[in-house]
Amino acid sequence: MRTSRLRTVHPVLWAGWAALAAGAVLCVVGWYGVSGERYAERQLPYLASCTIPGAALIIAGAVLLTHGRGSVAAARVEELHGLLVAGEPADADETGRAAPTPLAVSADLLMVPGGTLWHRADCPLVAGKAEAVPVDSKLVASGELDPCPICEPAEETD
């Protein structure tokens, strides 16, 4: 799903590269012409006709490349946004909002030693961590540990 804006960016990038190349060629020609002349009054035509326009083309090419790459990034963001909002979740109700699904449903509660939260065992923050240990109910009762805002474990502990 490529957008039409992405297709129009490529000519801007090509124009930027072409301007950079033409500017570099003009600067080289101007330098070569200046280097072959001994007197300043004979060097000025090379500066005026090659080096100054070459530098201007290099600047214009850099601006075009920057704009083109920014447009490519913007087009990609638009494409990703379209992909995110295009699909309706299967469990959406009649208002169009999806019913919240719990991230973790395990009844086992874990904590990380030295941490400030307690989690369900299948919470992505502690799942697969070897250092996670079962929750001490005394810590939860004393209020030293808070429930994880991600998996939202129940307040009841054994």
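The residue numbers shown here count from 1 along each chain, following its written sequence. Where local features are concerned, this predicted model is filtered to residues with pLDDT of at least 70; where side-chain atom pairs are given and counted, the filter is 80 or more; whole-chain, interface and lining totals use all residues. Working from all heavy atoms in the structure, the side-chain values ignore hydrogens and water.

As a further point, take the overall build of the protein chain. Within the protein chain one finds 3 helices and 4 strands. Looking at the protein chain as a whole, 24% of its 158 residues are labelled buried. Contacts between residues were defined by any pair of non-hydrogen atoms, one from each residue, lying within 4.5 Å. If you take every contact in the protein chain between residues at least 6 apart in sequence, the share linking residues at least 24 apart comes to 58%. A 1.4 Å probe and the Shrake-Rupley method give the accessible areas. Residues count as covered only by the protein chains that appear here. If you sum the accessible surface of the protein chain, you get close to 11000 Å²; carbon and sulfur atoms cover 63% of it. Runs of H or I in DSSP of at least four residues are treated as helices and runs of E of at least two as strands, each being numbered from the N terminus. Each residue is assigned to one of three classes by its accessible area relative to the maximum for its type, calculated with a 1.4 Å probe on protein chains only: buried under 20%, partly exposed between the two thresholds, exposed over 50%.

We now examine the sheet that holds strand β3 (residues 133–134). Ordered in space as β3-β1-β2-β4, the 4 strands form an open sheet in which the pairing is mixed. Lying at the two open borders of the sheet, with one neighbouring strand each, are β3 and β4 (146–147). The pairing criterion for strands is at least two bridges between them, as found by DSSP. Across 3 bridges, the pairing between strand β1 (residues 109–111) and strand β2 (residues 117–120) is antiparallel. Counterpart to Met 111 in the pairing with β2 is Trp 118.

The next point concerns the environment of Ala 15. Note on placement: Ala 15 falls in helix α1 (residues 4–35). Classification of Ala 15 as partly exposed rests on a relative accessible area of 34%. Along the primary structure Ala 15 and Leu 65 are separated by 50 residues, whereas in three dimensions their C-alpha atoms are 8.1 Å apart.

It is worth spelling out the pairing of β2 at this point. Linking β1 to β2, which pair antiparallel, is a turn of 5 residues; within it Gly 114 sits at a positive phi near 90°. Looking at chain direction, β2 and β4 are connected through 2 bridges and run parallel. Its bridge partner lying in β4, Leu 117 is registered against Asp 146.

When their charged atoms lie close together, side chains carrying opposite charge are able to pair. We define a salt bridge as a contact between a side-chain nitrogen of Lys or Arg and a carboxyl oxygen of Asp or Glu at a distance within 4 Å. Summed over all chains, the structure comprises 1 salt bridge. Residue Glu 37 pairs with Arg 42 through a salt bridge whose shortest N-O separation is 3.7 Å. Since its relative accessible area comes to 52%, Arg 42 is described here as exposed.

Let us look at the confidence of the model for the protein chain. Mean pLDDT over the protein chain: 77, with 77% of residues reaching 70 or higher. Confidence of the predictor at the level of single residues is captured by pLDDT, which takes values from 0 to 100. Of all secondary-structure elements in the protein chain, the lowest mean pLDDT belongs to helix α3 (residues 137–142), at 78, while β3 reaches the highest, 86.

Mapped onto the elements of the fold, Ala 62 is located in helix α2 (residues 40–86). Once the C-alpha coordinates of Ala 62 and Trp 17 are considered, the two residues, 45 residues apart in sequence, prove to be 8.2 Å apart.

Quick look at the environment of Val 63 now. Relative to the helices and strands, Val 63 resides in helix α2. As for Val 63 and Leu 13, which are separated by 50 residues in sequence, their C-alpha atoms are 10.0 Å apart.

A few words now on the state of the cysteines. Any two cysteine sulfur atoms within 2.5 Å of one another count as a disulfide. Enumeration according to the criterion identifies 0 disulfides in this entry. Take Cys 27: it sits in no disulfide, and the sulfur closest to it among the cysteines is that of Cys 50, at 8.9 Å.

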